[in-house]
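Listed below, chain by chain, are the residues.
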Amino acid sequence: MAAAFVGPGTVTACTLAGAAFGYDLLWALLFATVATIILQDMAARLGAGARLGLGEALMAAAGSRWGQTLVASLVVTALVIGNAAYEGGNIAGATLGGQAVAGTDTVPRAVWPIGITVFAGGALWFGRYRTIEALLIVLVLMMSAAFVASVIIIQPSWGEVFQGLKPRVPEGGTLTAIALIGTTIVPYNLFLHAAAAKERWVEKGSVRAARHDTVISVGLGGLVSILILSAAAASLFGQNLEITSGADMARALEPTVGPAARYVLGFGLLAAGLTSAITAPMATGFVMAELIAPPDDGMKRALFRITSVTILLIGAGATLLGLQPITLIVIAQAANGVLLPVVAIFLLIVMNRRSLLGHHVNGVASNIAGTAVLLVALALGLRGVARALGIWG
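Residues numbered from 1 in each chain as written. Predicted model: local features only at pLDDT ≥ 70, side-chain atom pairs only at ≥ 80, totals over all residues. Heavy atoms only, no water.

Participant: Looking at this structure, how should I read the overall build of the protein chain?
Facilitator: From N to C terminus, the protein chain includes 17 helices and zero strands. Expressed as a percentage of the 393 residues in the protein chain, the buried residues total 55%. Residue pairs in contact within the protein chain that sit at least 24 positions apart in sequence constitute 84% of those at least 6 positions apart. When the accessible surface of the protein chain is split by element, carbon and sulfur atoms take 67% of a total near 16600 Å². (Helix = DSSP H or I, 4+ residues; strand = E, 2+ residues; numbered from the N terminus. Buried < 20%, exposed > 50% of the residue type's maximum accessible area, 1.4 Å probe, protein only. Contact = heavy atoms within 4.5 Å. Areas by Shrake-Rupley, 256 points an atom, 1.4 Å probe, with all protein chains shown as cover.)

Okay, here's the thing in C-alpha cells:
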C-alpha cells in the first residue's frame with residue numbers, strides 16, 4: 001500500500017505544498033494518513049477475513065444484472081480508464097527521477113520509459129504475488145531511505161515541523177490541503193488492498209496480522225510524504241522558484257546543497273515512479289479478474305497478466321509520444337469522484353455484516369471513525385466531479 005500511494009503525483013503534491021506554504025499543511029498529510037489507515041484496515045479485513053476482493057463484494061451486493069452492470073461500468077471507468085491515463089504520469093515521473101540522477105544528457109530520454117516498462121512488465125507478467133510483494137518492499141525501503149537522507153541533508157526545523165502538524169489553513173492553501181488529502185485517499189488502493197490481503201493472508205486467524213501490516217505500511221507511506229513536504233519547506237519555501245515536480249526540487253537544491261541532493265531526491269522519485277508503475281496496473285488486473293470472475297485460477301491469472309500489461313503499455317506509449325490524455329483523465333476524475341464515497345459507504349455497510357466477517361466486524365469506534373472519513377470522502381468525491389465539470393480549479 002505504501003508503494004501504491006506514494007507515487008510521482010504524491011511527490012509532486014508534497015513538493016508544491018512545501019514550496020508554497022512551508023510546513024503549514026503537514027497536518028493535512030497526517031490527517032490523510034490516519035483516514036487512509038481507517039479505510040484500508042476495512043479493506044484488509046474484507047480480504048483476509050471474508051476472503052473477498054472489493055470488486056467481488058460490490059458485484060455480490062449489487063444483486064440484479066442491471067445493478068452489477070452499473071457497478072462494473074463505474075469501476076471500469078474509474079479504475080481501468082483512470083489507471084491507463086495516470087500510468088503515463090507514473091512512468092514519466094520515474095523518468096524524471098532517472099534523469100535527475102544520471103543527467104539529462106547522459107542517457108537518451110526514450111531509454112528511461114522503455115527500461116521502466118520492461119522492468120515493470122517483467123514483474124507483472126512473470127512474478128507471482130509474493131515475488132512482486134518482495135520487489136515492492138525493496139523499492140519502498142529504497143524510496144524511504146532516499147527521502148530520509150534528503151531530510152538529513154537539508155535539515156528542516158523540527159520545531160516548525162511539529163507546529164505544522166497543528167491544523168490551520170494558510171491564506172490560499174485550501175485547495176492544496178484538499179489535494180494532499182485527495183492524493184492519499186484514492187479508490188484504487190482500496191481495491192488493491194482487499195485483493196492483496198486475500199492473496200497474502202490465506203490461513204485462518206490472519207486478520208490481526210493483516211491489520212498490523214496495514215498500520216505499519218500505510219504509516220510508513222504517510223511518513224515518507226511528510227518527509228518530502230518537510231524537505232521542500234526547508235529548502236524551497238520563500239525562494240520564488242518555479243517548481244513543478246520533485247525533479248525540479250532536486251535540480252534547484254544542487255547549487256546550494258551540492259550534488260548529493262540531486263542524486264538522493266532523483267533516486268527517491270525514480271523509486272516512487274517504479275512502485276506506482278507496478279501497483280496501478282496490478283490493481284487494475286485484480287479488479288478485472290474480480291469483475292469478470294473466470295471459472296478457474298489459470299484463466300484468472302491470464303486475465304490479470306493481460307490487463308495489467310495492457311495498462312502498462314498504454315502508459316508507456318503515452319510517455320514516449322509525449323501525449324497528455326486530458327479527456328481520459330477528466331473522465332477518470334469524475335468516475336473516481338463518484339466511486340470514492342460509494343466505496344466508503346459500501347465498506348461501512350459490509351464491515352458490519354457479522355455473517356461475512358464474524359467477530360472481525362466493525363466496533364463502535366471503527367464505525368464512528370469510518371463515518372467521519374466517509375464525510376471527507378464525500379467532499380473529495382464532489383471535488384473530483386466538480387474538477388471534471390470545469391467548475392473547480
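Participant: It is not clear to me how unusual backbone geometry should be interpreted in this structure. Could you clarify?
Facilitator: For Arg51, which is not glycine, the phi dihedral falls at a positive 60°. As for its position among the elements, Arg51 is in the loop between helix H3 (26-49) and helix H4 (54-62). In this model, Gln155 sits at a positive phi of 55°, which is unusual for a non-glycine residue. With respect to the secondary-structure elements, Gln155 resides in the loop between helix H7 (129-154) and helix H8 (158-164).

Participant: Explain helix H6 (residues 111-126) to me, please; I cannot follow it from the model alone.
Facilitator: Since the α-helix turns once every 3.6 residues, residues separated by three or four places project in the same direction. Helix length check: H6, at 16 residues, gives a terminal C-alpha distance of 22 Å against a target of 22 Å (1.5 Å per residue), a fit within 8%. Residues of H6 that are buried: Trp112, Pro113, Ile116, Thr117, Ala120, Gly121, Ala123 and Leu124. Seen end-on, H6 carries its buried residues on one side only, within an arc spanning 160°. In this structure, H6 carries Val118 and Phe126 as exposed residues pointing more than 90 degrees from its buried face. Packing partners of the buried residues in H6 comprise helix H5 (65-102), H7, helix H13 (259-292) and helix H14 (297-321). (Expected span 1.5 Å × (residues − 1). Arc of directions from axis to C-beta.)

Participant: Could you clarify how one ought to interpret the nonpolar core in this entry?
Facilitator: A general trend in soluble globular proteins is that nonpolar side chains are found buried together. Counting residues in hydrophobic clusters, the biggest one holds 98 residues, and the most contacted among them are Leu46, Leu54, Val75, Leu180, Phe191 and Leu347. Tallying contributions element by element places H13 first for this core, with 14 residues. For Phe191, the contacting residues outside a window of four places in its chain are Leu54, Gly55, Leu58, Val75, Leu79, Val287, Leu339 and Val343. Core analysis: the next-biggest nonpolar cluster, separate from the first, contains six residues, Ala44, Ala48, Val207 and Ala210 among them. (Core = buried A, V, L, I, M, F, W, Y, C linked by side-chain atoms within 4.5 Å.)

Participant: When you look at the pattern of salt bridges in this model, what are you seeing that I'm missing?
Facilitator: Side chains that differ in sign of charge can pair as their charged atoms come close. For the structure on display, the rule yields five salt bridges. Of the charged contacts in the structure, one is a salt bridge between Arg45 and Asp41, with a shortest N-O distance of 3.0 Å. Taken together, the positions of Arg45 and Asp41, both in helix H3 and four residues apart, correspond to about one turn of that helix. Accessibility assignment for this pair places Arg45 and Asp41 in one class, buried. (Salt bridge = Lys/Arg side-chain N within 4 Å of Asp/Glu carboxyl O.)

Participant: Whenever I open this one, the layout of surface pockets confuses me. Can you help?
Facilitator: In this approach, a probe sized like a water molecule rolls over the atoms, and the result shows the empty space that is left. Of the volumes computed, that of the second largest pocket is approximately 530 Å³. For the second largest pocket, the lining is made up of 22 residues, of which Met1, Glu133, Ile137, Asp213 and Ser217 are closest to its centre. Here the lining of the second largest pocket gets six residues from one element, more than from any other, and that element is H7. Each residue belonging to the lining of the second largest pocket can be placed in one class, and the counts come to 15 nonpolar, four polar and three charged. (1 Å grid on protein atoms, 1.4 Å probe; cavity = no way out; pocket = protein on both sides within 12 Å on 5 of 7 lines; lining within 4 Å. Points joined across faces, edges and corners; volume = space filled by probe spheres on them. Nonpolar A, V, L, I, M, F, W, Y, C, P; charged D, E, K, R; others polar.)

Participant: For this particular structure, what's the right way to read the environment of Ala379?
Facilitator: By secondary structure assignment, the location of Ala379 is in helix H17 (residues 364-388). Ala379 sits 38 residues away from Pro341 along the chain, and the two C-alpha atoms are 8.5 Å apart.

Participant: Just checking my understanding: could you explain the side chain of Ser144 for this structure?
Facilitator: In this fold, Ser144 is placed in helix H7. Apart from residues no more than four positions distant in its own chain, Ser144 is found in contact with Leu220 and Val224.

Participant: Sorry if this is basic, but what is going on with the packing of aromatic side chains here?
Facilitator: How two aromatic rings sit relative to each other is given by the distance of their centres and the angle of their planes. If you walk through the whole model with that rule in mind, you get one aromatic pair. Ring centres 5.1 Å apart and planes at 45° place the aromatic pair Phe286 and Phe304 in the tilted group. With Phe286 in helix H13 and Phe304 in helix H14, this pair connects stretches of sequence that are 18 residues apart. Residue Phe286 is classed as buried on the basis of its relative accessible area of 12%. Note that Arg200 overlies the ring of Trp201, its terminal NZ or CZ placed 5.1 Å from the centroid. When the ring centre of Trp125 is taken as reference, the NZ or CZ atom of Arg305 above it lies at 5.6 Å. (Phe/Tyr/Trp six-rings, centres within 6.5 Å; stacked < 30°, edge-to-face > 60°. Lys NZ or Arg CZ within 6 Å of the ring centre and 35° of its normal.)

Participant: So what exactly am I meant to see when it comes to the environment of Gly381 here?
Facilitator: Within the element layout of this structure, Gly381 appears in helix H17. Residue classification places Gly381 among the buried residues on the basis of a relative accessible area of 3%. The spacing of Gly381 and Val342 is 39 residues in sequence and 9.2 Å in space, taken between C-alpha atoms.

Participant: Honestly, the side chain of Glu290 in this entry has me stumped. Any pointers?
Facilitator: Structurally, the position occupied by Glu290 is in helix H13. Side-chain polar atoms of Glu290 contact the backbone nitrogen of Glu56, separated by 3.5 Å. Not counting residues within four places of it along the chain, the set of residues in contact with Glu290 comprises Gly53, Leu54, Gly55, Glu56 and Ala195. (Polar contact = N/O pair within 3.5 Å; in protein donor to acceptor, adjacent residues only side chain to side chain.)

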